[in-house]
Amino acid sequence: MDLVTIDGERGCRIVSEPKPKAVDDWVVIKVETTPMCTEYKAYQAGYSTHWLGHEAAGTVFETASGAGRLQTGDRVLALPLMACGSCRHCNTGEYIFCKNRRQSPGPLSTYAQYHAKPEWMCYRFPDDIETEKGALAVCGLGPSFGALQRMAVDAYDTVLITGLGPVGLGGVINAKHRGATVIAVEAQPFRKQLAADLGADHVLDPADGGTLEHIRDLTGGEGAPKAVDCSGNPAAHRLCIDAAAIRGQVAFVGECSDDTIIRVSPDMIRKGLTLIGSWNYNRGDMEKIMQVIRDCDSDLGKFVTHRFPLRKAKDAWELQMTGNCGKVLLKPWEDA
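Residues numbered from 1 in each chain as written. Predicted model: local features only at pLDDT ≥ 70, side-chain atom pairs only at ≥ 80, totals over all residues. Heavy atoms only, no water.

Looking at this structure, I do not really get the sheet that holds strand β8 (residues 158-162). What am I missing?
Strand-to-strand pairing in sheets goes through backbone hydrogen bonds, with the strands running parallel or antiparallel. Read from one edge to the other, the open sheet built from six strands follows the order β10-β9-β8-β11-β12-β13, with strand pairing classed as parallel. Two strands bound the open sheet, and with one partner strand each, they are β10 (202-204) and β13 (274-277). Averaged over all adjacent pairs, the angle separating strand axes in this sheet is 20°, with direction ignored. Strand contacts of helix α7 (residues 211-218): β8, β9 (181-185) and β10, with the helix running at about 165° to β10, the strand carrying the most contacts. (Pairing = 2+ DSSP bridges. Helix = DSSP H or I, 4+ residues; strand = E, 2+ residues; numbered from the N terminus. Axes fitted to C-alpha atoms, helices over the stretch in contact; angles between N-to-C directions. Contact = heavy atoms within 4.5 Å.)

Listed below in structure tokens is the structure:
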């Protein structure tokens with residue numbers, strides 16, 4: 001099978017690897033759509049690896065016994081990571097926190113034509129959900145859905161979203177689906193326009209200055225009752241905290257390796273904020289995410305801006321580095 005590898009700074013190639021085999025409770029998925037996430041950062045930095053990607057959708061190609069829940073030909077979404085399926089985190093739908101990672105019988109990459117997954121970590125799509133649209137449930141819609149769900153966002157809320165990469169744009173879709181008013185903050189012109197096209201009520205550019213004051217003006221001086229950072233930028237973290245209303249909630253979704261200054265007294269005690277770390281969604285909410293996909297079909301058509309065959313992963317990464325895109329999809333079986 002074909003598989004993408006990174007072999008140096010802004011260097012990649014297609015290699016041939018043996019197709020994984022179905023063993024025990026593992027199934028082999030023929031990958032039809034691979035949503036691209038932050039792998040371009042490894043490409044940009046020259047982090048050599050052939051373990052790329054963590055989300056994929058396709059059809060079950062092979063099962064070990066044929067007696068499991070899934071059958072050959074079932075359309076499925078491969079959930080991220082390799083969780084054990086039996087610990088308390090897995091049993092409560094919070095598999096993302098599983099500490100008992102399983103060893104894959106094949107390459108871990110989803111930048112490949114085939115991918116092996118434990119059967120229980122494959123979600124079978126409802127008949128009315130297209131495979132490509134369903135693939136957006138993981139890192140397209142999932143992270144922000146989990147954050148908004150934890151904050152119980154509804155039509156009475158104003159939600160501040162900072163960072164309009166694919167995760168933040170997915171947040172706009174999720175928040176508007178819930179009927180909320182959305183204030184989005186982003187400097188990249190393409191993504192500012194895309195956020196507006198997806199229904200963001202206000203799109204602010206932090207480079208214009210006065211962003212905090214503008215947010216307060218838009219909220220009658222109170223600040224936003226709910227805020228979600230999808231950028232992983234400490235300056236955006238601070239903006240969310242400062243722009244949040246008294247006793248508001250702030251969820252951090254974007255990964256960040258730098259320290260964010262959180263002032264316990266003015267932020268947590270005197271302002272009464274609730275700060276939430278939100279990595280992903282609970283598996284028990286998958287049907288609700290599918291309903292978002294049903295209801296937001298036209299928005300998802302705007303959200304996905306580009307598709308590339310597997311052999312043009314380099315071109316896809318170069319595009320992602322510019323920011324002039326929404327969600328980008330790889331199609332492993334399309335011709336270059």
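Teacher, can you tell me more about the packing of helix α4 (residues 142-150) against helix α5 (residues 166-177) here?
Helix packing geometry: the angle between the two helix axes and the distance between the axes. Put simply, α4 and α5 touch, their axes get as near as 8 Å, and they point 50° apart. Between α4 and α5, the angle is such that the two are oblique. Between α4 and α5 the crossing geometry is right-handed. In this structure, α4 contributes Pro143, Ser144, Phe145 and Leu148 to the contact, and α5 contributes Val167, Gly170, Gly171, Asn174 and Ala175. (Parallel < 35°, antiparallel > 145°, perpendicular 65-115°, else oblique. Left-handed = near helix turned anticlockwise from the far one by under 90°.)

What exactly am I supposed to notice about the nonpolar core here?
Most often, soluble globular proteins keep nonpolar side chains buried together rather than apart. Judged by nonpolar contacts, the single largest core of 57 residues is most densely connected at Leu77 and Val228. Within the residue set of this core, elements represented by two or more residues are α4, β8, α5, β9, α6 (189-197), α10 (286-295) and α11 (297-303). Not counting chain neighbours up to four residues away, the residues in contact with Val228 comprise Ala147, Leu148, Met151, Val159, Leu160, Ile161, Thr162, Cys240, Ala251 and Val253. (Core = buried A, V, L, I, M, F, W, Y, C linked by side-chain atoms within 4.5 Å. Buried < 20%, exposed > 50% of the residue type's maximum accessible area, 1.4 Å probe, protein only.)

Which parts of the structure should I look at to understand α7?
In an α-helix, one turn spans 3.6 residues; hence positions three or four apart end up facing the same way. By the burial criterion, the buried members of α7 are Thr211, Leu212 and Ile215. The buried residues of α7 occupy an angular sector of 100° when the element is viewed end-on, so they sit on one face. Buried residues in α7 make contact with β8, β9, β10 and α8 (234-243). In the stretch just after α7, Gly220 is the one whose phi turns positive, near 65°. (Arc of directions from axis to C-beta.)

Even after reading the chapter, I still don't get the environment of Ile173, so can you show me in this structure?
On the secondary structure map, Ile173 appears in helix α5. When its relative accessible area of 1% is taken as the criterion, Ile173 is described as buried. When the C-alpha positions of Ile173 and Leu198 are compared, they lie 6.4 Å apart, and in sequence the two are 25 residues distant. When sequence neighbours within four positions are dropped, the list of residues in contact with Ile173 reads Leu141, Leu198, Val292, Cys296, Asp299, Leu300 and Phe303.

Sorry, what's going on with a nonpolar patch on the surface here?
A cluster of nonpolar side chains, namely Ile262, Val264, Met268 and Ile269, defines an oily patch on the protein surface of about 360 Å² accessible area. Mapped onto the elements, Ile269 comes out in helix α9 (residues 264-269). (Patch = residues over 30% accessible without salt bridge, like charges linked within 9 Å, V, L, I, M, F, W, Y side chains within 5 Å. Areas by Shrake-Rupley, 256 points an atom, 1.4 Å probe, with all protein chains shown as cover. Salt bridge = Lys/Arg side-chain N within 4 Å of Asp/Glu carboxyl O.)

Could you clarify how one ought to interpret the packing of aromatic side chains in this entry?
All chains considered together, the criterion is met by seven aromatic pairs. Ring geometry for Phe97 and Trp279: centres 5.8 Å apart, planes at 70°, overall edge-to-face. Of the two residues, Phe97 is situated in the loop between α2 (88-91) and β6 (114-118) and Trp279 in the loop between β13 and α10; the sequence distance between them amounts to 182 residues. Through pairs of rings, three or more aromatic residues link up here, namely Tyr43, Tyr111 and Trp317. One Lys or Arg, Lys30, reaches over the ring of Trp333 and ends 4.6 Å from the middle of that ring. Sitting above the plane of the Phe145 ring, Arg178 keeps its charged end 5.1 Å from the centroid. (Phe/Tyr/Trp six-rings, centres within 6.5 Å; stacked < 30°, edge-to-face > 60°. Lys NZ or Arg CZ within 6 Å of the ring centre and 35° of its normal.)

What is shown is where atoms sit, not what they do.
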